[in-house]
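Fold and contact review
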Amino acid sequence: MTIFIAGGTSGIGYALARHYLSKGYCVGICGRDLTKISEKNDENLKAFQADVSDMNAVLSTLHSFLVDKNGLNIFINCAGSYAEDVAGRISYDEAEEMLQTNILGTVNCFEAARKVMKNQKKGSIAVIASVSGILEYENSSLYTKTKRSVLQIADAYRRALKPFGISVTAIAPGYIDTEKLRQLNQNDLRKKPFLTDVETAVSIISEAIEKQKKLIIFPSKMKWMMKSLSLLPSSLLNIIMFRKAKWMKND
Ligand SMILES: NC(=O)c1ccc[n+]([C@@H]2O[C@H](COP(=O)([O-])OP(=O)(O)OC[C@H]3O[C@@H](n4cnc5c(N)ncnc54)[C@H](OP(=O)(O)O)[C@@H]3O)[C@@H](O)[C@H]2O)c1
């Protein structure tokens with residue numbers, strides 16, 4: 001099996017790479033900063049420096065990875081940019097990076113994967129969105145709005161790629177205990193409900209891709225909380241979610 005993971009230099013993407021390597025698969029990863037990779041001595045792992053917001057870079061990286069391989073089975077896009085943008089506290093640079101990586105990067109990854117998989121008439125593409133993108137409410141952060149877009153982009157590609165035998169799985173996780181989440185919260189994750197460890201996340205994500213699920217929302221307690229909240233009138237949902245965001249930031 002041949003797997004490519006965009007945004008595989010740390011966190012969920014890197015943990016997924018280790019999971020597939022442990023099964024003996026050939027794994028390619030990309031990110032902007034290869035110095036983050038702790039374990040480089042696996043002959044089945046190839047790491048490439050590439051920014052997902054650059055379409056040519058993603059495509060040429062994928063071609064370089066596949067040059068001596070017999071096709072691509074799975075492409076997973078884990079590349080994502082998130083910042084503490086609660087209540088509008090976000091810089092222009094952070095906003096630009098979030099839009100470039102989360103939206104343009106998502107489209108670029110779908111395009112690169114589909115160019116390769118269309119000829120082979122099979123393959124699985126997965127993208128990591130976020131549970132925060134499940135709910136529609138006015139006061140959501142820019143990050144949440146980009147992740148809602150990721151879910152919608154995945155829907156569009158799922159429909160377009162189905163005739164070519166290519167499946168699309170959208171992943172909507174709740175809080176996952178990664179270095180990045182810890183950095184953004186000064187190592188204090190007490191206010192992150194239903195926190196999931198990375199190993200559990202990897203097992204849920206890889207199973208969803210294997211079963212070619214359309215959408216996976218986890219952990220299940222978070223999924224049911226979101227389903228319940230979605231039944232509320234939008235004005236009430238807006239107030240609850242805004243207060244929750246401010247409570248999380250101690251405002
Ligand atoms: N952790 C959570 O609680 C949580 C919850 C829901 C959803 N998510 C989503 O899950 C994904 C992974 O999050 P994580 O917590 O594992 O964070 P992370 O460790 O920061 O992982 C993000 C990965 O994306 C790469 N990346 C970022 N911008 C990129 C770009 N423009 N081009 C190429 N690679 C890029 C990073 O590598 P470089 O820095 O080397 O580029 C890194 O490998 C993100 O999409 C995030 O939004 C996370």
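What counts and what doesn't
- Residues numbered from 1 in each chain as written.
- Predicted model: local features only at pLDDT ≥ 70, side-chain atom pairs only at ≥ 80, totals over all residues.
- Heavy atoms only, no water.
- UniProt positions renumbered as here; feature names shortened; annotations may be inferred.
- Helix = DSSP H or I, 4+ residues; strand = E, 2+ residues; numbered from the N terminus.
- Phe/Tyr/Trp six-rings, centres within 6.5 Å; stacked < 30°, edge-to-face > 60°.
- Lys NZ or Arg CZ within 6 Å of the ring centre and 35° of its normal.
- Near = heavy atom within 4 Å.
- Polar contact = N/O pair within 3.5 Å; in protein donor to acceptor, adjacent residues only side chain to side chain.
- Areas by Shrake-Rupley, 256 points an atom, 1.4 Å probe, with all protein chains shown as cover.
- Nonpolar A, V, L, I, M, F, W, Y, C, P; charged D, E, K, R; others polar.
- 1 Å grid on protein atoms, 1.4 Å probe; cavity = no way out; pocket = protein on both sides within 12 Å on 5 of 7 lines; lining within 4 Å.
- Points joined across faces, edges and corners; volume = space filled by probe spheres on them.
- Pairing = 2+ DSSP bridges.
- Axes fitted to C-alpha atoms, helices over the stretch in contact; angles between N-to-C directions.
- Contact = heavy atoms within 4.5 Å.

An unreviewed UniProt entry lists the protein under the name SDR family oxidoreductase, with Chryseobacterium panacisoli as the source organism. In UniProt, the protein has this text filed under Sequence similarities (unreviewed entry): "Belongs to the short-chain dehydrogenases/reductases (SDR) family."

Some details on unusual backbone geometry
Here the amide bond leading from Phe-218 into Pro-219 is cis, since omega sits at -5°, within 30 degrees of zero. Among the secondary structure elements, Pro-219 is positioned in the loop between strand S7 (215-218) and helix H7 (220-229). A positive phi angle, close to 60°, is found at Lys-121, a residue other than glycine. Inspection of the secondary structure assignment puts Lys-121 in the loop between helix H3 (92-120) and strand S5 (123-128).

Here we look at the packing of aromatic side chains
We describe a pair of aromatic rings using the distance from one ring centre to the other and the angle between the two ring planes. According to the stated counting rule, one finds 6 aromatic pairs in the structure shown. Feature note: the residues Phe-4, Phe-48, Phe-65 and Phe-75 constitute an aromatic cluster, connected by ring pairs. Looking at Lys-118, its charged tip hangs above the ring of Phe-164, at a distance of 4.6 Å from the centre. We note Lys-191 situated over the ring of Trp-247; from NZ or CZ to the ring centre the distance is 4.8 Å.

Details of the site of the ligand
For the ligand, the set of nearby residues contains 30 residues, the closest of which are Arg-32, Lys-36, Tyr-82, Tyr-143 and Thr-178. Within the backbone of Gly-7, a nitrogen or oxygen atom sits 3.3 Å from an oxygen atom of the ligand. Measuring from an oxygen atom of the ligand, one finds a side-chain N or O atom of Tyr-82 at 2.7 Å. Protein coverage of the free-state accessible area of the ligand, which is 880 Å², stands at 95%. Of all the secondary structure elements, the ones that give two or more residues to the shell around the ligand are helix H1 (11-22), helix H4 (142-161) and helix H5 (179-184). When the residues that make up the shell around the ligand are grouped by side-chain class, the tally is 13 nonpolar, 11 polar and 6 charged.

Things to note about the layout of surface pockets
Quantified by volume, the second largest pocket comes out at close to 260 Å³. Looking at the lining of the second largest pocket, the elements with two or more residues in it are H1, S5 and helix H6 (198-210).

Focus on the sheet that holds S5
Taken together, the 7 strands give an open sheet; going across it, the order is S3-S2-S1-S4-S5-S6-S7, and neighbouring strands pair in parallel fashion. With partners counted over all chains shown, the strands left at the sheet margins are strand S3 (45-49) and S7, one partner each. On average, each strand axis in the sheet is inclined to that of its neighbour by 15°, with strand direction left out of account. Together, strand S1 (2-6), strand S2 (26-31), S3, strand S4 (74-77) and S5 form the strand contacts of H1, whose direction differs from that of S1 by roughly 170°. Contacts from H6 reach S4, S5, strand S6 (166-173) and S7, with the element oriented near 160° to S7.

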